[in-house]
Amino acid sequence: MNKVITINLNGRAYQLEEAGYDALSKYLAQASGKLHGNPDCDEIMADFEQAIAEKCDQHLTAHKTVVSEKEIKEIITAMGPVEESESKESAHKESKNIQPRRLYAIKEGAVIGGVCRGIAAYLNIDVTIVRLAFILLTIFTGGVWILVYIVLMLVMPEARTPEEKAEAHGYAFNAQELIDRAKTKYAELSDENHWRRVARENEAVANKVASVAKQLGIFVAKALGLILTIASGLLAAVWSLSMWTFVWRDSAVGFGKEEPLLMLAWLASVFLAVFIPMTLVSKAFLENRGKNVKKSSTVGTVVGCVLWIAALATLLTISLNYRHRIIDTINHNQEYIQIRNGQLCVGNTKTCKPHL
Amino acid sequence: MSIADNFTPIRKGLLEFAVLKIVAAHKVYAADIIKRLGATEFSTQEGTLYPLLSRLRRENVVSYEWIESGSGPPRKYYQLTTTGRQRLAQLEKYWIKLRNTLQTMGDSHE
């Protein structure tokens, strides 16, 4: 049992199921919208109502006095969408009533000040494009564009009254235009397909944003990882090289000759500290070129990381244990570099050069 | 897509011609026209026909009169006006011209 709505079709009363009534009023609203500007609009609408009435009659009997939703939908399908009849005169006419536009700042849907929205409405282009252009301009002018934006925000008047809002978009502001737009909007809003399409489009946009963000995130993570490993590798290399200079030098301080095992450990740690990060990083990039990720590589990665940490620890320990020696070396070398009698003397050999 | 879909714009353009020929033959009302066209390739719907008839009436090519019907409200019965008859004659001549052109297209050895 559902509700019945009684309507008047060209002077006769018809009873429709509620859902059928909704479908029919939507159809008639669309038709009326499409006929806007047609001088015979009312007459054609009356013809439509008459045709619909006659089709309804075919479904009614003495015992069946209500037109079902299904029957109404069949009738709407049979009637078909309203097509503008082209003639030599109407082919030139624009159905949209575009008045001269004015540049306003539009607050509805604005992010900051409505500047981009106003410009988009004035130029009849998509807001997103305008916003993108503004961002790019900001980047390319090194931030100077922000001043321009602020000026625009102050100078552009805000569209407050409905007339101003209409002028901003270039619509004629009169009762007829409003009614027609309201009708097409109503028809659009009650159209299921419209909402399904909107939902699908929004979903697609959301998916795209998510995938871009994910890719960006992956890229940033990879870049960070790369920078960190290279940096640590380089640091280890530089550090060990400088240690080498101090330690292996043919000087009084140094454990290289006396303690070969220690020197070996030092060398090995240096090698691992530099080599392992480089290997891991290049492997990671190779994997991402589409090659299959083998299970063994995970184990290898873990082993590599452990070895690397061990190497760094070894370097650290050796350096700490021999820090006094290292400091002595530094002091010693400072002693060796002296300026005596206007001459630069380096090292034990007392080779002196004229100080420049 | 069937071959008929290729010719949809052509059928749309010729619909006026077809409707005028039907109206020239008898006094008809809209549902009549739809029924007769329905049996042909020019089958069409109310959504298309009513605006077309309305434009033809505006151009004074057809006129209508209300005739009472036994079963229900009065209906508009359409007929051709003098202008309409002239228009139809012009269309007939042009149509034959087009048909001949297409028929002999590609035959000449110039």
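Anything mentioned here points back to the structure above.
Residues numbered from 1 in each chain as written. Chains lettered and ligands numbered in written order. Predicted model: local features only at pLDDT ≥ 70, side-chain atom pairs only at ≥ 80, totals over all residues. Heavy atoms only, no water.

Focus on the overall build of chain B
This is how the line gets drawn: Labels follow the DSSP assignment, with helices taken as runs of H or I lasting at least four residues and strands as runs of E lasting at least two, numbered in each case from the N terminus. Exposure classes here rest on a 1.4 Å probe applied to the protein chains alone. A residue is buried below 20% of its type maximum, exposed above 50%, and partly exposed in between. Two residues qualify as a contact provided that any one of their heavy atoms is within 4.5 Å of a heavy atom in the partner residue.
Secondary structure summary: chain B contains 5 helices and 3 strands in total. Start at the N end of chain B and walk to the C end: the helices and strands fall as α-α-β-α-α-β-β-α. Counting only residues that meet the buried cut, chain B has 36% of its 110 residues in that class. Look at the contacts in chain B between residues 6 or more apart in sequence, and 49% of them connect residues 24 or more apart.

A look at the pairing of strand β1 (residues 4-9) of chain A
Here is the key point about a regular strand: its side chains alternate between the two faces of the sheet. Residues and elements named next belong to chain A. The criterion, for reference: Strand pairing follows a simple DSSP-based rule, namely that at least 2 bridges must link the two strands.
Where β1 lies against strand β2 (residues 12-17), 6 bridges are found, and the strand directions are antiparallel. Opposite Leu9, over in β2, you have Arg12 as the bridge partner. Taking the residues that link successive antiparallel strands as the turn, the β1-β2 hairpin has 2 residues, and the phi of Asn10 there is positive, at about 50°.

Here we look at the interface of chain A and chain B
Our working rule: Accessible area, probed at 1.4 Å, shrinks when two parts are joined; the buried area is that loss added up over both. Note on definitions: salt bridges are taken to be side-chain nitrogens of Lys or Arg within 4 Å of carboxyl oxygens of Asp or Glu. Here a polar contact is taken to be a pair of N or O atoms separated by no more than 3.5 Å, where protein atoms must pair a possible hydrogen donor with a possible acceptor and residues adjacent in sequence count only if both atoms sit in side chains.
Each partner contributes to the interface: chain A provides 23 residues, whereas chain B provides 20 residues. Around 1,800 Å² of area is buried between chain A and chain B when both sides are counted, 44% of it from carbon and sulfur atoms. Inspection of the chain A/chain B interface yields 8 salt bridges. For Lys12(B), the salt bridge is made with Glu83(A), and the minimal N-O distance between the two is 3.3 Å. Along the contact surface separating chain A from chain B lie 14 residue pairs in polar contact (both at pLDDT 80 or more).

Let's talk about a nonpolar patch on the surface
Operational definition: Only residues above 30% relative accessible area that lack a salt bridge enter a patch, with like-charged residues linked at up to 9 Å and the nonpolar side chains Val, Leu, Ile, Met, Phe, Trp and Tyr linked at up to 5 Å. To be clear on the numbers: accessible area is Shrake-Rupley with a 1.4 Å probe, and residue cover counts the displayed protein chains and nothing else.
Residues Val111(A), Ile112(A), Val144(A), Ile146(A), Leu147(A), Ile150(A), Val151(A), Met153(A), Leu154(A) and Val155(A) make up a contiguous nonpolar surface patch of about 1,000 Å² in total accessible area. Relative to the assigned elements, Leu147(A) resides in helix α6 (residues 144-155).

A closer look at the nonpolar core
We apply this condition: For our purposes a nonpolar core is just a set of buried Ala, Val, Leu, Ile, Met, Phe, Trp, Tyr and Cys residues, chained together by side-chain atoms within 4.5 Å.
If you look at the biggest cluster of nonpolar residues, it comprises 46 residues, and the most contacted ones within it are Phe48(A), Val19(B) and Ile33(B). No other element matches helix α2 (residues 41-57) of chain A, which puts 8 residues into this core. Setting aside residues no more than four positions away along its own chain, Ile33(B) makes contact with Val19(B), Ile22(B), Val23(B), Val28(B), Leu49(B) and Leu53(B). Formed by 11 residues, the second largest nonpolar core is a distinct cluster that contains Val115(A), Ile119(A), Val127(A) and Phe134(A).

Considering unusual backbone geometry
One non-glycine residue, Asn10(A), adopts positive backbone phi at about 50°. With respect to the helices and strands, the residue Asn10(A) is situated in the loop between β1 and β2. Of note in the backbone geometry, Asn60(B) takes a positive phi value of approximately 60° without being a glycine. Relative to the helices and strands, Asn60(B) resides in the loop between α4 (46-58) and β2 (62-67). Asn60(B) gets classed as partly exposed once you look at its relative accessible area, which sits at 43%.

Topic: the environment of Thr301(A)
All names here are of chain A. Note on placement: Thr301 falls in helix α11 (residues 295-321). Looking at Thr301, the relative accessible area reads 29%, which means it is partly exposed. Remark: the alpha-carbon pair of Thr301 and Pro277, spanning 24 residues in sequence, is separated by 9.9 Å.

Re the packing of aromatic side chains
Residues and elements named next belong to chain B. To keep things clear, this is the line we draw: Pairs were defined over the aromatic rings of Phe, Tyr and Trp, the Trp ring being its six-membered one, requiring ring centres within 6.5 Å. Orientation was assigned from the angle between planes: stacked under 30 degrees, edge-to-face over 60, tilted for the rest.
Overall, the coordinates contain 7 aromatic pairs over all chains when judged by the stated rule. Centroid distance Tyr64 to Trp66: 6.2 Å. Interplanar angle 85°. Geometry classified as edge-to-face. Residue Tyr64 is classed as partly exposed on the basis of its relative accessible area, which comes to 24%. Judged by relative accessible area, which is 53%, Trp66 ranks as exposed. Both rings, one in Tyr64 and one in Tyr78, keep their centres 5.7 Å apart while their planes meet at 65°; by these two values the pair is edge-to-face.

Concerning the sheet that holds strand β1 (residues 28-29) of chain B
What counts, and what does not: Each axis is a line fitted through C-alpha atoms, and for a helix only the stretch in contact is used; angles between axes span 0 to 180 degrees, taken between their N-to-C directions.
Spatially, the 3 strands line up as an open sheet ordered β1-β3-β2 (chain B), and their pairing is antiparallel. Edge strands, defined here as strands with exactly one partner in the open sheet, are β1 and β2 of chain B. With 6 bridges connecting them, β2(B) and strand β3 (residues 75-80) of chain B associate as antiparallel partners. Bridging from a neighbouring strand, Ile67(B) pairs with Arg75(B) of β3(B). Across the sheet, α2(A) touches β1, β2 and β3 of chain B, and the angle it forms with β3(B) is around 120°.

A closer look at the packing of helix α2 (residues 8-25) of chain B against helix α3 (residues 30-38) of chain B
All names here are of chain B. To keep it simple, the criterion reads: Our angle categories are set so that under 35 degrees counts as roughly parallel, over 145 as roughly antiparallel, 65 to 115 as roughly perpendicular, and the remainder as oblique. Take the far helix as your reference; a near helix turned counterclockwise from it by less than a right angle gives a left-handed crossing, and one turned clockwise gives a right-handed crossing. Just so you know the grouping, Ala, Val, Leu, Ile, Met, Phe, Trp, Tyr, Cys and Pro go in nonpolar, Asp, Glu, Lys and Arg go in charged, and all remaining residues, Gly too, go in polar.
Running from N to C, α2 and α3 point in directions that differ by 115°, and their axes come no closer than 11 Å. Considering the angle they form, α2 stands roughly perpendicular to α3. In this structure, the crossing between α2 and α3 has a hand that is right-handed. Taken together, the residues of α3 that come into contact with α2 (itself represented by Leu15, Ala18, Val19, Ile22 and Val23) are Ile33, Arg36 and Leu37. Across the contact of α2 with α3, the residue classes break down as 7 nonpolar, no polar and 1 charged.

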